[in-house]
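Summary of structural features
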Amino acid sequence: MRNRLISGTVALVLVAALAACAPASGARTSAEATPENPLVLTLANNLDDDHVTSQALASFAEDVKRRSGGRVVVKIYGSGQLGAEPEVLGQLHEGIVDMTRTSAPGLATYAPGYHTFGLPYVFNSEQEFYEAMDSPQMAEYFRSTADEGFLGLTYYSSGARSFYTRNTPVRTPEDLRGMKIRVQDMRSQTDLVGGLGAAPVVMAFSDTYTSLQTGLIDGAESNETVLTESAHGEVSHAFSKTEHTRIPDVLVISTQTWERLAPADEQMLTDAARASTEQQKAAWAKTTEQAVAEAKAMGVEFITDVDTTAFRDASRPVVDRYARQYPEVAELLSVITAGKRGTP
């Protein structure tokens, strides 16, 4: 009961804060909006403003204003101003915020199929990832969750996640046995790491550097940018390119807000979102390339002779288990397969 009261209080505070930042008056629908009385849409993002994906969101907001002639305005609340991702998703369902960027598996609370994006080796390469995510089948899937309270507008890459350790290269699943590996608070990640014989340790990302430095954990898993942007390359000297997951971010809009848009503005918002994805792809590739160069200068060794077949085989039971438990996961796996093949 106390938690509910706290949640309700937080919601009221957020409503007041958003109201204070909003224009004195505003259109309720895009059909009645004008440049003088625009429809203002709030977008919550917990990434820092200088993050490559935050920059793509800023571009999206500018593009929406331009395409709509100022009738639709996207107001971004970045750097976690409105709370962590799970909290913001709750706000989205309550109608407090209109849009948010979130890690795809976080949406599984509302649509179990989204567990799929946290599973290992769903995508075997960057090319497969982009083929599937850019496919008409995925666009249709993003629109299929209206009854769950949200729709996907587009996705953003967050690279391929690999294991990095203090000193020990990881080339086979056996190399992970007995290691303590930091993971996100995500069931698919703990299942994966545990299934490979390591001990998954759920901890806040902010605690990871010190835990690596002191030896509390032996390693973690993420993309290459963590080595430089969070300085983990100072305390981790072996980055093994297992590339076991490719977890996209998704830009979602609440169903309530979507229904306030005229059909032409639905398409306009979608087009602007997709354009921001194309921009983010190029920026992400450049950011990753720079991170690798800087990490090598820090003394990080990149292990490329990884037995990915062995990792794929060892982690396959995790995928099969989720597909059995959640029919929605099996469905999305089929969508991804069809998208990779380019089949209708």
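Here the structure is shown first, and the text comes after it.
Computed from a prediction, not measured in an experiment: that's the story for all the values here.

1. Focus: the side chain of Glu221
- Here Glu221 shows up in strand E8 (residues 219-222).
- Taking relative accessible area as the criterion, Glu221 reaches 2% and is therefore assigned buried.
- Polar side-chain contacts of Glu221 include one of 2.9 Å to the side chain of His244.
- When residues no more than four places from it in sequence are discounted, the contact partners of Glu221 are Arg161, Ser162, Phe163, Tyr164, Arg182, Gln184, Gln189, His244 and Thr245.

2. Looking at the packing of aromatic side chains
- A complete count under the given rule lists ten aromatic pairs for this structure.
- When the centroid spacing of 6.2 Å and the interplanar angle of 10° are considered together, the rings of Tyr164 and Phe239 count as stacked. Here Phe239 lies in strand E9 (residues 238-245) and Tyr164 lies in strand E5 (residues 161-165), a separation of 75 residues in the sequence. Across this residue pair, the class does not change: Tyr164 and Phe239 are buried.
- Considering the side-chain rings of Tyr322 and Tyr326, the 6.0 Å spacing of their centres and the 35° angle between planes classify their relative orientation as tilted. For the pair shown, Tyr322 and Tyr326 are each scored as buried.
- Counting every residue linked through ring pairs, the aromatic cluster contains Tyr114, Phe117, Tyr141 and Phe150.
- When the ring centre of Tyr77 is taken as reference, the NZ or CZ atom of Lys75 above it lies at 5.7 Å.

3. Some thoughts on the environment of Tyr209
- For Tyr209, the location among the structural elements is in helix H7 (residues 208-214).
- C-alpha separation for the pair Tyr209 and Gly233, spaced 24 residues apart in sequence, amounts to 9.3 Å.
- Excluding anything up to four places from it in sequence, Tyr209 contacts Ser230, Ala231, His232, Glu234 and Val235.
- Engagement of the side chain of Tyr209 in a polar contact is seen with the side chain of Glu234, the distance being 2.6 Å.

4. Focus: the nonpolar core
- By size, the foremost hydrophobic cluster in this structure holds 37 residues, and its most contacted members are Tyr114, Phe117, Phe123, Met133, Met138, Phe142 and Ile336.
- Mapped by element, the contributors of at least two residues to this core are helix H3 (85-94), helix H4 (126-133), helix H5 (136-143), strand E4 (150-156), strand E10 (249-254), helix H11 (308-325) and helix H12 (327-341).
- No other element matches H12, which puts five residues into this core.
- Those residues within four positions of Phe123 in sequence are excluded, and the remaining contacts are Phe117, Glu128, Phe129, Ala132, Met133, Arg246 and Ile336.
- Counting residues in each nonpolar core, the second largest holds 24 residues, with Ala33, Leu43, Leu57 and Tyr156 among its members.

5. Describing the layout of surface pockets
- Its boundaries defined by the atoms lining it, the largest pocket holds a volume of some 1,400 Å³.
- At the level of elements, H3, strand E3 (99-103), helix H6 (187-195) and helix H8 (226-229) are the ones that each hand at least two residues to the lining of the largest pocket.
- For the lining of the largest pocket, a count of residues per class yields 14 nonpolar, 16 polar and ten charged.

6. Side note on the sheet that holds E10
- A sheet is described by the order of its strands in space; here five strands give the open sequence E2-E1-E3-E10-E4, paired in mixed fashion. Two strands bound the open sheet, and with one partner strand each, they are strand E2 (72-77) and E4. Within the sheet, the average angular offset between the axes of one strand and its neighbour, ignoring direction, is 25°.
- In terms of strand pairing, strand E1 (residues 39-44) meets E2 through six bridges, oriented parallel. Note on E2: the bridge partner recorded for Thr42 is Lys75.
- Against the sheet, helix H2 (residues 52-67) touches E1, E2, E3, E4 and E10, its axis set at about 160° to E2.

7. A closer look at unusual backbone geometry
- A positive phi angle, close to 55°, is found at Ser79, a residue other than glycine.
- Tracing the chain through its elements places Ser79 in the loop between E2 and H3.
- Positive phi, close to 55°, is recorded for Tyr121, a residue that is not glycine.
- Summarising the element assignment, Tyr121 is placed in the loop between E3 and H4.
- By relative accessible area, Tyr121 is classed as buried at 10%.

8. Quick notes on the packing of H6 against H11
- Interaxial distance between H6 and H11 falls to 8 Å at its minimum, and their mutual angle equals 140°. The handedness of the crossing between H6 and H11 is right-handed. Mapping the contact onto sequence places Arg187, Ser188, Asp191 and Leu192 in H6 and Ser315, Val318, Arg321, Tyr322 and Gln325 in H11.
- Of the residues contributing to the contact of H6 with H11, the split by class is three nonpolar, three polar and three charged.

9. Quick look at the environment of Tyr77
- Secondary-structure assignment places Tyr77 in strand E2.
- Each C-alpha atom, one on Tyr77 and one on Asn46, is 8.1 Å from the other, the two residues being 31 residues apart in sequence.

10. As for the pairing of E9
- Burial within E9 is extensive, with six of its eight residues counted as buried.
- In the sheet, E5 pairs with E9 via four bridges, with the strands oriented antiparallel. What sits directly across from Tyr164, in E9, is Phe239.
- When E9 meets strand E11 (residues 301-303), the two strands line up parallel, connected through three bridges. Note on E11: the bridge partner recorded for Phe239 is Phe302.

The rules behind each value
- Residues numbered from 1 in each chain as written.
- Predicted model: local features only at pLDDT ≥ 70, side-chain atom pairs only at ≥ 80, totals over all residues.
- Heavy atoms only, no water.
- Helix = DSSP H or I, 4+ residues; strand = E, 2+ residues; numbered from the N terminus.
- Buried < 20%, exposed > 50% of the residue type's maximum accessible area, 1.4 Å probe, protein only.
- Polar contact = N/O pair within 3.5 Å; in protein donor to acceptor, adjacent residues only side chain to side chain.
- Contact = heavy atoms within 4.5 Å.
- Phe/Tyr/Trp six-rings, centres within 6.5 Å; stacked < 30°, edge-to-face > 60°.
- Lys NZ or Arg CZ within 6 Å of the ring centre and 35° of its normal.
- Core = buried A, V, L, I, M, F, W, Y, C linked by side-chain atoms within 4.5 Å.
- 1 Å grid on protein atoms, 1.4 Å probe; cavity = no way out; pocket = protein on both sides within 12 Å on 5 of 7 lines; lining within 4 Å.
- Points joined across faces, edges and corners; volume = space filled by probe spheres on them.
- Nonpolar A, V, L, I, M, F, W, Y, C, P; charged D, E, K, R; others polar.
- Pairing = 2+ DSSP bridges.
- Axes fitted to C-alpha atoms, helices over the stretch in contact; angles between N-to-C directions.
- Left-handed = near helix turned anticlockwise from the far one by under 90°.

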